[in-house]
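# Descriptive structure summary
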Amino acid sequence: MKSTKKIWVRSIMGAAAAAALVGSVWAQQGPVKIGLLATLEGPFAAGGADGMRGAELAVKQRNATVAGRRIDIIKGSSDAQPDVAVNAVRKLVEQDKVDIMVGPLSGGEGIAVKDYSKTQPNITFINGGSGAQATTLVSTSPNFFRFNTEGAQWMVGLGTAALAKGYKRTMIIAEDYSFPYSQVQGFMAEYCRMGGKVPQKAWVPLGGKDYSSVIAKIPKDVDALLVILGGADAVNFLNQYEAAGGDKPIMGGSITVSQDVLNYRGKRRDSLVGTLSAGPYADSYNGAEWQAFVADYQKNYPVSAGGYPSPSLFAYVYYVNMKAALDGLAAVNGDLSGGQAKYREALSKLVLKTPNGDVRLDANRQAIGTTFVTEVVKDAQGNLSTKVNSKVDNVAQSLGMSAADFKIGSRDVPACP
Amino acid sequence: MPGVGVCAVSAAQWRRAMKSGGGTLGTTLPHRALALPTEPDPYADSNAPGWLKFLWRNLSPRHVFIGLFLLVFPFIATPFFTFQVATQSLVLGMVALSLSFLAGFGGMVSLAQMTVAGIAGYALAVLGHSSSPEISLAWVWWVAVPFAIVIAVACAALIGWLSVRTEGIYTIMITLAIGVAFYYLVLQNYSIFNGFQGLRELKPPTVFGVYWRDPLPFYFLCLFWALASYFLVRYIVSAPFGIALQGIRDNPRRMEALGFNVVAHRVAAYTLSGLIAAMAGILLAWYNALMSPGSVGAGWQINILVIAVLGGVGHPIGAFIGAIIFVLLQTFAVDMIDRERFNLVIGSVFLAIVLFSPDGLLGLWAKLRLRFGANQAITSTTRRQA
């Protein structure tokens, strides 16, 4: 008994030593570990799962190999709370020893992970789906990259389209946290500059059920409402607005006009036709790369296997960010030595081919990309879908303002009553 | 059974007091009469200092071993284990300890302990430095920290004062309600608590040239305060106040009849547990480097109860054991099973522990020792006196 045990211990120790030796020699050719964080719990669990699909699709398209090195994905989960996200990232970076970190999904998490990334200067962090403006504007981190455009950039073009429809005065109804602030700023920066007026903004709590007090406050003299509410909240609002006899045209934020809104069955259904909204992608965009991306998504994640009929916003942005991580790795031929300095250099200079055109980074490592303005249309069968109204290329985070004029959006910034 | 004992002894006391002409009842409290006859002190005539004799009497090899392990641990473990697993366990263990003290020795299950910790954390963020200079008052840490603790302890006393009027399930409900109310307050208030985004960049100070958020110093900082609160609870439960509190837990009406102020004792217990929770709250804010509504939400209120129950309510050390299990599961369950389903593992483990041992892990340990251990005197761990 005893001698077998000894042999066991010795052979294990020998194997460990050998592995350590081989490991140091082959480290350069070993697999690249990429940590992938999305919200698999909490309010964005469905979106987080689709984000994971998007990121996996980017890996699959390269057969999980870049420059001869295998790509290992290690997943982590959070529940959209910043402290949970940082704990999950810390585990991936310090315990699982990932080389590159992709994630997280929501705005508050993004800022917290950006703060954490400063303590790990040798690891490269690439955003997942988070769209808070401040992440790449205030106390930026040299190793945090974001290849998706954020909340304010997603609304560029909507102001012009609204004025073209004759909406000169707009009331805003939005949820009370950072992402809608950014969205409102993206809209108002352009809308106010071109002469539009926003006499009133109503900030409602996230997950609110009762909008009667807001509906009662809607002034008679506004031409349209800009509604920036998430899925279920948007449907609740539409129901109550209809019940109250409201008839103003509606515009939506980037996450407002989703499938559950398009499947809305109320009497106002027909009045949804013509609803404008804006975002980083459009389901019905007929660009060849976009169509190819959608087809690839549908092939890999059919509805029967839990996928969506068409990739969601999160699938798209996670795909873009993961693709950037892999393209950057290909650009340096898999070389992550020297604290990943070369890799980060390559990422900064990368011109990323996305399904919606080229994306470049600005000096704060924030994407400059394309925004779509879409309009709800009714097809021959009576189903509602969206079509592209206009497309704006090269949207930068400063929204066309100079650095001195630009202020991060908040409840009161900007204002044009 | 102990209830019967108390009854018999106090009746005898009562008779004796009556015979001797009264007046002595105040000095012969029931717990004094209950104290077991102590063995003669073998070191009575040695002239070693008192603290050494105390240590020698009370320390067992187990204590020395655990103490050494705690000291050596951060030097052999990776910084990740030191910071994320050990430190987080210590801090959450402190919050659970405050609940364990209230529930196990006072019979009051309060779900608002995380709220008290959150109040301390938020108070620190508002009084000290944070990423929102327009909110934070930027006081130096040695002013901000005591003030934050005082505020949280005052709130704990207030919460106690409100909830001692209720019993059992109603205490749970009212403290849950207070906790949820605080969650919505910080979620929707922007002028003080910065709403959904909370306050970030809460860093411990650099003192004596040490940056206290580095894994090693932060571990020892948390270890020190965790041990301090552990021994505080150990001391309190065997001090006259703690004995009276346990009496109130077992039979408040009798204690009232004996002349104890039940409400005052209970509020004092809330205040004391609030002190422990407040210290943990400060450490938690530094650990996360941020305070956001999510850290004081209903999920965390329940998690603290889960931690306390896992270890075994009523055992001060159980809170820390429960916290270690909880943190390990939270961190590593994701590696054990399909990533989308890891909460299932956490839930099953909790369920199994509670199902097989209502007294938590420590109860399980005691049961196993009873069944498989050598013959030994059966001592009740829950009712052990000083």
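Our structure's up above, just so we're on the same page.
Residues numbered from 1 in each chain as written. Chains lettered and ligands numbered in written order. Predicted model: local features only at pLDDT ≥ 70, side-chain atom pairs only at ≥ 80, totals over all residues.

## A closer look at the overall build of chain A
When its secondary structure is counted, chain A shows 12 helices and 15 strands. A globule of 417 residues ought to have a C-alpha radius of gyration of about 22 Å, and chain A, at 23 Å, matches this closely. Going through the 417 residues of chain A one by one, you find that 48% of them count as buried. Partitioning the contacts of chain A with sequence separation of at least 6, the portion at a separation of at least 24 is 76%. (Helix = DSSP H or I, 4+ residues; strand = E, 2+ residues; numbered from the N terminus. Rg over C-alpha atoms; globule rule 2.2 N^0.38 Å. Buried ≥ 20, exposed ≤ 12 C-beta atoms within 10 Å, placed from the backbone. Contact = placed C-beta atoms within 7 Å.)

## Comments concerning the pairing of strand 7 (residues 169-175) of chain A
Remember that side chains alternate between the two faces of the sheet whenever the strand is regular. All names here are of chain A. Counting buried positions over the 7 residues of strand 7 gives 6, a clear majority of the element. Strand direction decides the pairing type here: strand 7 and strand 8 (residues 197-204), joined by 6 bridges, are parallel. Residue Ile 173 lies in a different strand from strand 8, and its bridge partner there is Ala 202. Bridging between strand 7 and strand 9 (residues 224-228) involves 5 bridges; their strand directions are parallel. When the bridges of strand 9 are listed, Ala 174 appears paired with Ile 228. (Pairing = 2+ DSSP bridges.)

## Some remarks on the interface of chain A and chain B
Contact residues are listed per partner, giving 24 residues for chain A and 20 residues for chain B. For the side of chain A that touches chain B, the secondary structure elements donating two or more residues are strand 3 (69-78), helix 3 (82-95) and helix 4 (107-117) of chain A. Per-element tally for the side of chain A that touches chain B: the top contributor is helix 3 of chain A, with 8 residues. A breakdown of the residues in the side of chain A that touches chain B according to their chemical character gives 9 nonpolar, 7 polar and 8 charged. (Nonpolar A, V, L, I, M, F, W, Y, C, P; charged D, E, K, R; others polar.)

## Section: the packing of helix 3 of chain A against helix 5 (residues 79-106) of chain B
Geometrically, a packed helix pair is captured by the angle between its two axes and the distance between the axes. Here helix 3 of chain A crosses helix 5 of chain B at 160°, and the two axes come no closer than 10 Å. Between helix 3 of chain A and helix 5 of chain B, the interaxial angle falls into the category roughly antiparallel. Seen along the crossing, helix 3 of chain A lies across helix 5 of chain B with a hand that is left-handed. For the pair formed by helix 3 of chain A and helix 5 of chain B, the contact residues are Asn87(A), Arg90(A), Lys91(A), Glu94(A) and Gln95(A) on the first element and Pro79(B), Phe80(B) and Gln84(B) on the second. Here the contact of helix 3 of chain A with helix 5 of chain B is composed, by residue class, of 2 nonpolar, 3 polar and 3 charged. (Axes fitted to C-alpha atoms, helices over the stretch in contact; angles between N-to-C directions. Parallel < 35°, antiparallel > 145°, perpendicular 65-115°, else oblique. Left-handed = near helix turned anticlockwise from the far one by under 90°.)

## Concerning unusual backbone geometry
For residues that are not glycine, phi is negative in most cases, and the peptide bond is trans in most cases. All names here are of chain A. Omega for the peptide link from Gly 103 to Pro 104 comes to 0°, which places this bond in the cis form. Looking at the secondary structure, you find Pro 104 in the loop between strand 4 (100-102) and helix 4. Between Val 413 and Pro 414 the backbone carries a cis peptide bond, its omega angle lying at -10°. On the secondary structure map, Pro 414 appears in the segment after strand 15 (384-395). Non-glycine residue Ser 139 carries a positive phi angle of around 35°. By secondary structure assignment, the location of Ser 139 is in the loop between strand 5 (124-126) and strand 6 (144-145). Of note, the phi angle at Arg 365 is positive, near 60°, even though the residue is not glycine. Here Arg 365 shows up in the loop between strand 13 (357-361) and strand 14 (367-378). Judged by local crowding, Arg 365 falls into the buried class, with 22 C-beta atoms found within 10 Å.

## A short note on the sheet that holds strand 2 (residues 65-66) of chain A
Residue and element names in this part refer to chain A. With mixed pairing, 6 strands are arranged side by side in an open sheet as 2-3-1-4-5-6. A strand with exactly one partner marks an edge of an open sheet, and here the two such strands are strand 2 and strand 6. Judged from the 3 bridges that link them, strand 4 and strand 5 form a sheet pairing that is parallel. Bridging across to strand 5, Ile 100 finds its partner in Thr 124. Sitting on the sheet, helix 3 touches strand 1 (32-39), strand 3 and strand 4, and the angle it makes with strand 3 is about 150°.

## Thoughts on the environment of Ile119(B)
Residues and elements named next belong to chain B. Position of Ile 119 relative to the elements: it lies in helix 6 (residues 113-127). Judged by C-beta crowding, with 28 C-beta atoms within 10 Å, Ile 119 ranks as buried. Residues Ile 119 and Tyr 183 lie 64 residues apart in sequence; the distance between their C-alpha atoms is 10 Å. Aside from chain neighbours lying at most four places away, what touches Ile 119 is Ile 151, Ala 152, Cys 155 and Gly 281.

## Examining helix 7 (residues 141-163) of chain B
All names here are of chain B. Counted at 1.5 Å a residue, the expected span for helix 7 with its 23 residues is 33 Å, and the 32 Å between its end C-alpha atoms agrees. Within the span of helix 7, buried status applies to Trp 141, Ala 144, Val 145, Ala 148, Ile 149, Ala 152, Val 153, Cys 155, Ala 156, Ile 159, Gly 160 and Ser 163. Contacts made by the buried residues of helix 7 are with helix 6, helix 8 (169-188) and helix 12 (262-288). (Expected span 1.5 Å × (residues − 1).)

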